Amino acid sequence: MPAYSEKDNALSTKLLTFFPKNTNISTHAALIVVFDCCTGIPKAIMDGDVITAQRTAAASAAATKHLTNGIPRQLAILGAGVQARSHYHALSYLYKFQQVKIWNHHMDKAKLLAAELGPEVEAVPEAKEAIQDADVIVTVTNSSVPVLQASWVKQGAHINAVGSCRPDWNEIAPELMHQAVVYVDTKEAAVKESGDIIKSGATIFAEIGEVIAGKAAARTTETTIFKSLGMAIEDTVTANLVMKKLDGRT
């Protein structure tokens, strides 16, 4: 995943593997190589897993900031892996949630994550129970079939749909995809890579960057979905922040 940021004068490539059948180890593994923009000589090799987790959660936090309806008080997370953890921290940086509920296919993992994150976080045995009355919902599973149903979601909730990153997988029920206002990080990738978009045939309203730039409306009174696939430029910008820290520039 190569990208160049002219603004930051930053150039990097991420090498990513995805092995969905992995058990007890991560399904994703990544390295980021940072290059000198003038010479093309490699400057650094970074662990890409941490950067991927942080930049993905940061993108969801940005989408939530622009699309959520009022001040959210209840957060639901479907999934209990790396992205569940990073999304909890990113969203909690923006908002003080009164209650957080986590559901996972394996209840023991949900309990472990809840115990790690704090007393306001509760592991629940059913996905529907986690979703009830949630203002913000995060789906971070590798499910090939929907784990989030339309009838569970209250009007005006915001959903960050992050998992199921294959064209033949979908976390979100097609009915919900059609009922909600759908935003994506990039339309070009979404129609090729996102099973949630492809299998439902849902209409994409806008890219989240268009909302941030004031070119598209944030329809906050309606139920909104941000379908995140990730972009290489996010890795490049984040890796550049790391380089600045190493250079003592920030």
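In what follows, the accompanying structure is described.

Conventions used here
Residues numbered from 1 in each chain as written. Predicted model: local features only at pLDDT ≥ 70, side-chain atom pairs only at ≥ 80, totals over all residues. Heavy atoms only, no water. Salt bridge = Lys/Arg side-chain N within 4 Å of Asp/Glu carboxyl O. Helix = DSSP H or I, 4+ residues; strand = E, 2+ residues; numbered from the N terminus. Buried < 20%, exposed > 50% of the residue type's maximum accessible area, 1.4 Å probe, protein only. Axes fitted to C-alpha atoms, helices over the stretch in contact; angles between N-to-C directions. Parallel < 35°, antiparallel > 145°, perpendicular 65-115°, else oblique. Left-handed = near helix turned anticlockwise from the far one by under 90°. Contact = heavy atoms within 4.5 Å. Nonpolar A, V, L, I, M, F, W, Y, C, P; charged D, E, K, R; others polar. Pairing = 2+ DSSP bridges. Expected span 1.5 Å × (residues − 1). Phe/Tyr/Trp six-rings, centres within 6.5 Å; stacked < 30°, edge-to-face > 60°. Lys NZ or Arg CZ within 6 Å of the ring centre and 35° of its normal. Polar contact = N/O pair within 3.5 Å; in protein donor to acceptor, adjacent residues only side chain to side chain.

### Some words on the pattern of salt bridges
- The final tally for this structure, using the stated rule, is 10 salt bridges.
- Two residues, Glu188 and Lys192, come together in a salt bridge whose shortest N-O distance is 4.0 Å. Linking Glu188 with Lys192, this pair stays in helix α6 (residues 187-193), spanning four residues, or about one helical turn.
- What makes Lys192 exposed here is its relative accessible area of 57%.
- Here Glu222 and Arg219 are joined by a salt bridge, their closest N and O atoms 2.8 Å apart.
- Ionic contacts of the salt-bridge type, sharing partners, join the residues Lys14, Arg55, Glu234 and Asp235 into one network.

### Observations regarding unusual backbone geometry
- If you check the backbone angles, Asn9 has positive phi at about 55° while not being a glycine.
- Residue position: Asn9 is located in the loop between β1 (2-5) and β2 (10-18).
- On the accessibility criterion, Asn9 (47% relative accessible area) is partly exposed.
- Its identity as a non-glycine residue notwithstanding, Ser164 has a phi of 45°, on the positive side.
- As for its position among the elements, Ser164 is in the loop between β9 (158-161) and α5 (174-179).
- Residue class for Ser164 comes out buried when judged on its relative accessible area of 0%.

### Concerning the packing of helix α1 (residues 48-67) against helix α9 (residues 232-247)
- One way to put it is that α1 packs onto α9 with a least axis distance of 10 Å and a crossing angle of 115°. When the axis of α1 is compared with that of α9, the two are roughly perpendicular. Once α1 is placed against α9, the crossing between them reads as right-handed. Facing Ile51, Thr52, Arg55 and Ala59 of α1, the residues of α9 in contact are Glu234, Asp235, Thr238, Ala239 and Val242.
- Here the residues of the contact of α1 with α9 are counted per class, giving four nonpolar, two polar and three charged.

### Things to note about the pairing of strand β12 (residues 224-227)
- Side chains Thr224 and Phe226 project from β12 onto one buried face, and the interleaved Ile225 and Lys227 project onto a second face that is buried too.
- Note: β9 against β12, four bridges, orientation parallel. Residue Asn160 lies in a different strand from β12, and its bridge partner there is Phe226.
- Two elements, strand β10 (residues 181-184) and β12, share four bridges in a ladder whose sense is parallel. In the sheet register, Val182 faces β12, and the bridge partner there is Ile225.

### Focus on helix α2 (residues 82-94)
- When the terminal C-alpha atoms of α2 are compared, their 19 Å separation across 13 residues agrees well with the 18 Å that a helix rising 1.5 Å per residue should span.
- All of the buried residues along α2 are Gln83, Ala84, Ser86, His87, Tyr88, Ala90 and Leu91.

### A word on the packing of aromatic side chains
- Enumeration over the complete set of coordinates arrives at three aromatic pairs.
- Measuring from ring centre to ring centre gives 6.1 Å for Tyr95 and Phe97, while their planes differ by 65°; the resulting arrangement is edge-to-face.
- Residue classification places Phe97 among the buried residues on the basis of a relative accessible area of 8%.
- Here Tyr183 and Phe205 contribute two aromatic rings whose centre-to-centre distance is 5.5 Å and whose plane-to-plane angle is 75°, an arrangement assigned as edge-to-face. Pair noted here: Tyr183 is in strand β10 and Phe205 is in strand β11 (residues 204-207), with a separation of 22 residues, a long-range link.
- Overall, the relative accessible area of 0% leaves Tyr183 in the buried class.
- Residue placement shows Arg219 over the ring face of Phe205; its charged tip is 4.8 Å from the ring centre.

### Quick look at the environment of Ile102
- Following the sequence through the fold, Ile102 ends up in strand β6 (residues 99-103).
- Since its relative accessible area comes to 0%, Ile102 is described here as buried.
- In this structure the C-alpha to C-alpha distance between Ile102 and Thr223, which are 121 residues apart in sequence, comes to 20 Å.
- Other than its neighbours up to four places away in sequence, Ile102 contacts Ile77, Gly79, Ala80, Ala110, Leu113, Ala114, Leu117, Val121, Glu122, Ala123 and Val124.

### Quick notes on the side chain of Thr64
- Position of Thr64 among the secondary structure elements: in helix α1.
- Relative accessible area serves as the criterion here: at 0%, Thr64 is assigned to the buried category.
- Within the local environment of Thr64, its side chain forms a polar contact with the backbone oxygen of Ser60, the two atoms lying 2.7 Å apart.
- Aside from chain neighbours lying at most four places away, what touches Thr64 is Leu91, Tyr95, Val136, His158 and Asn160.

Honestly, that's just the spatial picture; any functional story needs more than this.
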